[in-house]
Amino acid sequence: MGNSVWLLGTIVVLAALIIFCALRAPNAPGRTSFTLSVLLALFWTGCVLFRHSVTDLELRIIACKFAWFGIMGTPLFWSLSFITYARGAEVERPWQLASIGAISAAFGILAVTNEWHNALYIRLLDETTLSFEYGWLYTVALILGNSAMVLSCVYGLAISVRLRGIHRWQMWALLASAVLPWMANVSYTAYGFMLFNDDPTPFVFAATGAFMLGAQLFGQLFVLPPIGRDAIFSVLPDPVIVLDARRRILELNPAAQSLPDMPSPAIGRLLAGPPELVAVVAQEFPANGHRRETRLAATGRTYEISCHSLIRWGRTGGQMIVMRDITLRKADEFRMAALSQDLEARLAENLRLQGLLREEALRDHLTGLFNRRHAQALLPELLADAAAPGPIAIAVLDIDHFKSFNDRFGHQTGDDVLRTFAEVLKSGLGDNDLIFRWGGEEFLAVLPALDREAVLARIAGWQAWLAGRPINGVSDTSLTFSGGVFLAEPGSSSLEDAVRAADIALYAAKAAGRNRIVMFDSTLDNLQPKPRPHATAASSDPLRRCAPTTA
């Protein structure tokens, strides 16, 4: 869902920019229908992304139906925009816009009310991909939409033949922007091509909308009437100063004349200000066109100064000084540097928090031990290592009569018992030992490279330490636990088999009177442990860990 939201947000921003720029432009032919096509393409795309962001089948089908307002309106308004813009005679007429709007609304209403007539969708074929068996109305929609696109493309080609130069290139660019969505729709309907696992047409329409707007703006730059060089020199916002070998001013534009400390009149006089500019010009530039930066104290503005030799124009020693105002760019650089530092700090904090979250996801919140999920991810690889130096002891340890602590003293005391048991287990760990809370009052101990006697001694130590640990509010009984142990040879047992064997041995320990450890051997193969509610639970939720045990 996160990807759909981000994609929809990106398309919304893009569409808003396209529409904003279009509305700011003069009321040119095709502008209104172009804006409507982008809006409907955005609506269509939103329906598609909403369809991917929900799992409820009914909502997904409703999104498919509502998308028909955009499915019909987008190509029709786009075609009208393209043809109107290609003609360039007049803007769209109200009846044209109203007709397309009525057609789009009619198809949308027919899609929403499809259950009454089944003219658009006959039946659902695949719930996963939302594939339908289509009715006659779907064929009408294909013919209408594709005919509009074919008509606009043929008309555009015919117009482009009569055009010359930049106008022809412009029309070809607009033609390409019209053909791409059409090809996307044909590829989807005829060959099943999909983008983001759905109909690519709305996404291509949104992208080509920006392409079409760019083509309009790009074309306008080239069809402007030529402006004389003197006029360009006069209207340049960047100060330009032409100097001779003695640094006398030969020419300057109005932007340069307005600089502080610039002599007036300036032509024929020595460059005397601003002082920062004089200092830069006095320096020897390494190469023609080399740039230096300076800040004018009088105005607070920063300029990028470049020096260009006039040798080509017969002025040995002469130079043209061009000052580009980069105040905003420098401010942006400083702001970006500050933002970068802030983002780096936030990234470091996010990485730290992600590490904490990963750690929390692997640990039981009550005891602080690793949880069953982590055991199931870590231990299979450990048991499968045939190069391990010795057997790996898998011990399932279960607190005796744990239900009675909950029943007699309450769940808070039960929590204290679990925490105390966990502390005892942690205090007696070896360097390579691992302890997991397996579920409820059961804990899983993994003791690598220990023989039978060492394993029994280690667990006996835990029993002794546990018996001497007081529990708040409990004075008439001491804590004991039973355990079942399976010695797994390296690379010979899966985690499931090892735990099952240890669980059988645990059942034998419980049946023998509790407060004891039983090693699994072949004599216990046919023994089956009684099922316990927590034995298959991966959760360590306090409400579930209090489930009664029958062992």
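Parameters at a glance
Residues numbered from 1 in each chain as written. Predicted model: local features only at pLDDT ≥ 70, side-chain atom pairs only at ≥ 80, totals over all residues. Heavy atoms only, no water. Helix = DSSP H or I, 4+ residues; strand = E, 2+ residues; numbered from the N terminus. Buried < 20%, exposed > 50% of the residue type's maximum accessible area, 1.4 Å probe, protein only. Contact = heavy atoms within 4.5 Å. Areas by Shrake-Rupley, 256 points an atom, 1.4 Å probe, with all protein chains shown as cover. pLDDT = per-residue confidence, 0-100. Salt bridge = Lys/Arg side-chain N within 4 Å of Asp/Glu carboxyl O. Phe/Tyr/Trp six-rings, centres within 6.5 Å; stacked < 30°, edge-to-face > 60°. Lys NZ or Arg CZ within 6 Å of the ring centre and 35° of its normal. Pairing = 2+ DSSP bridges. Core = buried A, V, L, I, M, F, W, Y, C linked by side-chain atoms within 4.5 Å. Patch = residues over 30% accessible without salt bridge, like charges linked within 9 Å, V, L, I, M, F, W, Y side chains within 5 Å. Axes fitted to C-alpha atoms, helices over the stretch in contact; angles between N-to-C directions. Parallel < 35°, antiparallel > 145°, perpendicular 65-115°, else oblique. Nonpolar A, V, L, I, M, F, W, Y, C, P; charged D, E, K, R; others polar. Right-handed = clockwise from strand over helix to strand, strands pointing away. Expected span 1.5 Å × (residues − 1). Disulfide = S-S within 2.5 Å.

A. Examining the overall build of the chain more closely. A tally of regular secondary structure across the chain gives 19 helices and 13 strands. Burial status across the chain gives 44% buried among its 551 residues. The long-range fraction of contacts in the chain, counting pairs at least 24 apart against all pairs at least 6 apart in sequence, stands at 61%. If you sum the accessible surface of the chain, you get close to 29200 Å²; carbon and sulfur atoms cover 61% of it.

B. Spatial organisation of the confidence of the model for the chain. Per-residue pLDDT for the chain has a mean of 77; in total, 77% of the residues score no lower than 70. Low confidence marks residues 219-229, where pLDDT is under 50. Its contacts with residues over four positions away, or in another chain, come to five contacts.

C. Layout of the pattern of salt bridges. The full count for this structure, using the stated rule, is 16 salt bridges. Put simply, aspartate 244 and arginine 248 hold a salt bridge, and the shortest N to O gap is 2.8 Å. Assessed through its relative accessible area of 9%, aspartate 244 is described here as buried.

D. Representation of the packing of aromatic side chains in the model. Applying the stated criterion to the full structure yields 11 aromatic pairs. Their ring planes at 45° and their centres at 6.5 Å tell us that phenylalanine 132 and tyrosine 134 sit as a pair that is tilted. According to the relative accessible area criterion, tyrosine 134 is partly exposed, its value standing at 33%. Here a set of aromatic residues connected by ring pairs shows up, and it is made of Trp68, Tyr121, Phe132, Tyr134 and Tyr138. Lying across the ring of phenylalanine 370, arginine 363 places its NZ or CZ 4.0 Å from the centre.

E. Representation of the sheet that holds strand S11 (residues 442-448). Ordered in space as S8-S10-S11-S9-S12-S13, the six strands form an open sheet in which the pairing is mixed. The sheet is open, and its two edges are formed by strand S8 (370-371) and strand S13 (517-519), each paired on a single side. Where strand S10 (residues 434-439) lies against S11, five bridges are found, and the strand directions are antiparallel. Its bridge partner being in S11, arginine 437 is matched across the sheet by phenylalanine 443.

F. Inspection of the nonpolar core at higher detail. Within the largest apolar cluster, 29 residues are counted, with the highest numbers of intra-cluster contacts made by Leu397, Phe421, Phe443, Ile459 and Trp462. Those elements giving two or more residues to this core turn out to be strand S9 (392-399), helix H15 (402-409), helix H16 (411-427), S11, helix H17 (452-467) and strand S12 (481-488). Per-element accounting of this core gives the leading share, six residues, to H16. When sequence neighbours within four positions are dropped, the list of residues in contact with phenylalanine 421 reads Leu397, Ile399, Phe443, Leu466 and Phe481.

G. Looking closely at a nonpolar patch on the surface. On the surface, a cluster of nonpolar side chains totalling about 450 Å² of accessible area is made up of Phe43, Phe50, Leu59, Ile62, Phe66 and Val112. Elements supplying a minimum of two residues to the nonpolar patch: helix H2 (31-53) and helix H3 (57-66). Along the chain, the position of phenylalanine 43 falls in helix H2.

H. Summary view of the sheet that holds strand S3 (residues 240-243). Read across the sheet, five strands follow the order S4-S3-S7-S6-S5 without closing on themselves; strand pairing throughout is antiparallel. Two strands lie at the open edges of the sheet, namely strand S4 (249-252) and strand S5 (291-295), each paired on one side alone. Averaged over all pairs of adjacent strands, the angle between strand axes in this sheet comes to 25°, irrespective of strand direction.

I. Seen up close, the packing of H3 against helix H4 (residues 68-87). Running from N to C, H3 and H4 point in directions that differ by 25°, and their axes come no closer than 4 Å. Judged on the interaxial angle alone, H4 and H3 are roughly parallel. Contacts between H3 and H4 pair Cys64, Lys65 and Phe66 from the former with Trp68, Phe69 and Gly70 from the latter. Among the residues making up the contact of H3 with H4, the classes are represented as four nonpolar, one polar and one charged.

J. Looking closely at the pairing of S12. Of all eight residues making up S12, seven are buried, and the element is well covered by its neighbours. Here eight bridges tie S9 to S12, and the two strands are oriented antiparallel to one another. Each bridged residue has a counterpart across the sheet, and for aspartate 398 the counterpart in S12 is serine 482. The pairing of S12 with S13 spans three bridges and is classified as parallel. Bridge pairing links glycine 483 to isoleucine 517 in S13. Regarding topology, helix H18 (residues 495-511) serves as the crossover connection from S12 to the parallel S13, and that connection is left-handed.

K. Representation of H4 within the structure. The end-to-end C-alpha distance of H4, which contains 20 residues, comes to 29 Å, matching closely the 28 Å that a straight helix rising 1.5 Å per residue would cover. Burial within H4 is extensive, with 18 of its 20 residues counted as buried.

L. Quick look at the side chain of serine 33. One can find serine 33 in helix H2. By relative accessible area, serine 33 is classed as buried at 0%. When neighbours within four sequence positions are excluded, serine 33 is seen to be in contact with Phe77, Leu80, Ser81, Glu92 and Leu97.

M. Representation of the environment of isoleucine 71 in the model. Looking at where isoleucine 71 falls in the secondary structure, it is placed in helix H4. Once the C-alpha coordinates of isoleucine 71 and phenylalanine 43 are considered, the two residues, 28 residues apart in sequence, prove to be 9.2 Å apart.

N. Expanded view of the pairing of S3. Neither face of S3 is open: one carries Val240 and Val242, the other Ile241 and Leu243, and all of them are buried. Judged from the four bridges that link them, S3 and strand S7 (residues 319-325) form a sheet pairing that is antiparallel. Residue isoleucine 241 lies in a different strand from S7, and its bridge partner there is isoleucine 321. The turn linking S3 back onto S4 is made up of five residues, and arginine 247 within it adopts a positive phi angle of 65°.

O. Just the state of the cysteines, in detail. This model, assessed by the stated rule, comprises zero disulfides. No disulfide involves cysteine 64; its sulfur sits 8.9 Å from the nearest other cysteine sulfur, which is in cysteine 47. Taking relative accessible area as the criterion, cysteine 64 reaches 6% and is therefore assigned buried.

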